[in-house]
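Observations on the model geometry
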Amino acid sequence: MWADLSPIGRNPDTHGYRRSAWTGADADCRTWFQEQAETRGLTYETDRNGNQWAWLGDPTAGDAVVTGSHLDSVPDGGAFDGPLGVVSSFAALDELRARGAKFTKPLAITNFGDEEGARFGLACVGSRLTAGKLTREAAYELRDADGVSLPEAMEAAGYDPSTIGADPERLARIGAFVELHVEQGRALDLSGDPVGIASAIWPHGRWRFDFRGEANHAGTTRLVDRRDPMLSYAETVLAARREAELAGAVATFGKIAVEPNGVNAIPSLVRGWLDSRAADQDTLDTVVTAIEKAAHDYADRHGIDLAVVRESFTPVVEFQHALRDELGAILREHTGQGRDIPVLGTGAGHDAGILSESVPTAMLFVRNPTGVSHSPAEYAAEDDCLAGVRALADVLEGLACR
């Protein structure tokens, strides 16, 4: 499975993956998912929001155990973020069938669409729509860098956008959702464990900073006569790093758009996107407020107009303790060592976090020896990936086969 999926959307120059939502690479990934489902005799369907489902048992019976993740990527992303969870889900089902497991509940494997938000700027679109956390009207306003709207992109890919929206009937089918994911950090590497359980997802959000100045000639305009928004933006980037470091949080300006974007032109507009995350809401508020204040101070000093818009926000997600503890008990029993499985928080958002208010959710992490993610250098060793498959199979057996 890994070999079949590996070439899809891979850039030959960077060796990273470009699998943005509703593109050709995304379509190829979706075809792969459908083929995996049909090869195993599973009931395949696509829901009203373009999410893919593969069912073992009656999809309408209720109390289903669901697993899976996503197949899209950030620009030049790694091979494991998302796909490891989907591949491991199919592999875990194969393992359970090899064990002769008898299912007492329906089991489903899912691929949620547009988790990374690489194309339309909002993460977890597929799961947000399903959970009612993104309205149909707001989704219709989403546009990519070329001005293509989400419904236009879906229609071009062969999907009907008129049906998108909250899907409580589907959520009512789910008794538990367990997402396996490569760890985006080094906690497991430092503890020496191949697999861990998620405790919580840090609160996080995205803010757009629009610095507006005055375009002018780079060679003839005196420095004292310039209204250069790039200066205010650059100082704000440094302020973000400083404030995050002081608070023990993270803050990153990872995307920028410049107008007119000429080598010999002073910009008229610098638009930068801030991503900030922290272990708790108060810390996150403190960091973002400090960054905004610094940005306004710098803008005022240089005669720049500044507007700050919060484009998305996800509050802290505490995974259901009962389900989390049940996963720990199942894995302790199967290891036979009585050793507790590490429980760790994460600063990365996931579909499991979006669904957590609607259904009981939990996550398993697989060790990432470098901690690198959203990069072609993202990595997990084969032995650890197989340990993740076995752990997921143990969990699914404990939840769906009792």
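So, a few notes on the structure that sits alongside this text.

What counts and what doesn't
- Residues numbered from 1 in each chain as written.
- Predicted model: local features only at pLDDT ≥ 70, side-chain atom pairs only at ≥ 80, totals over all residues.
- Heavy atoms only, no water.
- Helix = DSSP H or I, 4+ residues; strand = E, 2+ residues; numbered from the N terminus.
- Rg over C-alpha atoms; globule rule 2.2 N^0.38 Å.
- Buried < 20%, exposed > 50% of the residue type's maximum accessible area, 1.4 Å probe, protein only.
- Contact = heavy atoms within 4.5 Å.
- Areas by Shrake-Rupley, 256 points an atom, 1.4 Å probe, with all protein chains shown as cover.
- Lys, Arg positive; Asp, Glu negative; His and termini not counted.
- Charge placed at Lys NZ, Arg CZ, Asp CG, Glu CD.
- Core = buried A, V, L, I, M, F, W, Y, C linked by side-chain atoms within 4.5 Å.
- Pairing = 2+ DSSP bridges.
- Axes fitted to C-alpha atoms, helices over the stretch in contact; angles between N-to-C directions.
- Phe/Tyr/Trp six-rings, centres within 6.5 Å; stacked < 30°, edge-to-face > 60°.
- Expected span 1.5 Å × (residues − 1).
- Arc of directions from axis to C-beta.

Moving on, we get to the overall build of the chain. Each helix and strand counted, the chain has 13 helices and 15 strands in total. Taken against the 2.2 N^0.38 rule, which gives 21 Å for 402 residues, the C-alpha radius of gyration of the chain at 22 Å falls within 12% of a compact globule. Considering only C-alpha atoms, the chain reaches an extent of 80 × 45 × 40 Å along its principal axes. For the chain, with 402 residues in total, the buried portion stands at 53%. Intrachain contacts of the chain at a sequence separation of at least 6 include 76% that bridge at least 24 residues. Accessible surface, the chain as shown: approximately 17000 Å² in total, 50% of it carbon and sulfur. The positive charge centre, built from 38 side chains, and the negative charge centre, built from 61, are 1 Å apart in the chain.

Time to look at the nonpolar core. In this structure, Trp32, Phe33, Phe90, Leu327, Leu364 and Leu399 are the most contacted members of the largest nonpolar core, which totals 52 residues. For this core, the leading source of residues is helix H13 (residues 382–400), giving 10 residues. Filtering out sequence-adjacent residues up to four positions away, Leu399 remains in contact with Val65, Lys105, Val178, Leu323, Glu326, Leu327 and Ile330. Within the second largest apolar cluster, 24 residues are counted, among which are Ala131, Leu344, Leu355 and Val359.

Let's shift gears to the sheet that holds strand E11 (residues 269–277). The four strands are arranged E9-E11-E7-E12 in an open sheet whose pairing can be described as antiparallel. Every interior strand has two partners, whereas the edge strands, strand E9 (250–259) and strand E12 (305–314), have only one. Going from strand to strand, the sheet's axes swing by 15° on average, the running direction of each strand aside. Two elements, E9 and E11, share nine bridges in a ladder whose sense is antiparallel. Looking at the pairing, Glu259 lines up with Leu269 of E11. Sitting on the sheet, helix H9 (residues 229–247) touches strand E7 (204–212), E9 and E11, and the angle it makes with E9 is about 170°. In the packing of helix H10 (residues 281–302) onto the sheet, contacts are made with E7, E9, E11 and E12, and the angle to E7 comes to roughly 5°.

Below, the discussion takes up the packing of aromatic side chains. Scanning all chains against the criterion turns up 13 aromatic pairs. Geometrically, the ring pair formed by Phe33 and Tyr44 is tilted, given 6.4 Å between the ring centres and 55° between the ring planes. In this pair, Phe33 is assigned in helix H2 (residues 24–39) and Tyr44 in strand E1 (residues 43–46), connecting sequence segments 11 residues apart. Relative accessible area serves as the criterion here: at 22%, Tyr44 is assigned to the partly exposed category. Connected via pairs of aromatic rings, a cluster forms that spans Trp32, Phe33, Tyr44 and Phe90.

Another aspect to go through is helix H11 (residues 321–335). Look at H11: 21 Å from first C-alpha to last across 15 residues, which is about the 21 Å you get at 1.5 Å a residue. All buried positions along H11 are accounted for by Leu323, Arg324, Leu327, Gly328, Ile330 and Leu331. The arc that holds the buried residues of H11, viewed along the axis, is 165°, so those residues lie on one side. Seen from the buried face of H11, the exposed residues on the opposite side, beyond 90 degrees, are Ala322 and Glu333.

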